[in-house]
Amino acid sequence: MTKLTRLTNQRLRSHKQQSASQSGRLRQWLGNTLIVNLVTAGLVIVSGLTYLGMVNSTAANTFRVNALTEQIEFNTQRHTDLTLSISEIQSLQHLSAISANYQLVPVTQVEYVDTADAAVALSQ
């Protein structure tokens, strides 16, 4: 055997020993079922709690959205009712009835003032 062959064989042998010791550590760790079971149980518990938190948050947001939707519908209906009331109050029949209740006289003669000054008062 040549010197180069011996060196190559030694390097291969040391490389195999290193990889064997690394895989031996992994096998030893995986062989300890108590640690593996505890780590797996911890991961399952953390995943379950995360899932429950997300579901709870989604449910709470759904209730908020439903409440806001109902409030929007109520406000829309109220707006419609108020608009209808404003139209009725501003109608000519309503104004005539109010004028008659207060014994107001209808206007027969209208005069317009042409001036640039805003502080103008007319006397009769």
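Given the structure is predicted, the values throughout are model-derived calculations rather than measurements.

Asker: Give a description of the overall build of the protein chain that names residues and reports values.
Answerer: Helix and strand content of the protein chain: three helices and zero strands. Mapped in sequence order, the helices and strands of the protein chain form the string α-α-α. For the protein chain, the proportion of its 124 residues judged to be buried stands at 0%. With an accessible surface of roughly 12000 Å², the protein chain has 61% of that area assigned to carbon and sulfur atoms.

Asker: Which residues make up unusual backbone geometry, and what are the values?
Answerer: With the exception of glycine, most residues fall at negative phi, and the peptide bonds are largely trans. If you check the backbone angles, Gln103 has positive phi at about 55° while not being a glycine. By secondary structure assignment, the location of Gln103 is in the segment after helix H3 (92–101).

Asker: Got a sec to walk through a nonpolar patch on the surface? Specific residues and values, please.
Answerer: A surface patch of nonpolar side chains, about 530 Å² in accessible area, is lined by Ile45, Leu49, Tyr51, Leu52 and Val55. The topology assignment puts Tyr51 in helix H2 (residues 33–89).

Asker: Mind laying out the confidence of the model for the protein chain, listing which residues take part and the relevant values?
Answerer: Do not read the fine detail of predicted coordinates wherever pLDDT is low. Averaged over all residues, the pLDDT of the protein chain is 83; the fraction at 70 or higher stands at 81%. Predicted confidence in the protein chain is weakest over helix H1 (residues 3–31), with a mean pLDDT of 69, and strongest over H2, with 94.

Cut-offs and rules
- Residues numbered from 1 in each chain as written.
- Predicted model: local features only at pLDDT ≥ 70, side-chain atom pairs only at ≥ 80, totals over all residues.
- Heavy atoms only, no water.
- Helix = DSSP H or I, 4+ residues; strand = E, 2+ residues; numbered from the N terminus.
- Buried < 20%, exposed > 50% of the residue type's maximum accessible area, 1.4 Å probe, protein only.
- Areas by Shrake-Rupley, 256 points an atom, 1.4 Å probe, with all protein chains shown as cover.
- Patch = residues over 30% accessible without salt bridge, like charges linked within 9 Å, V, L, I, M, F, W, Y side chains within 5 Å.
- Salt bridge = Lys/Arg side-chain N within 4 Å of Asp/Glu carboxyl O.
- pLDDT = per-residue confidence, 0-100.

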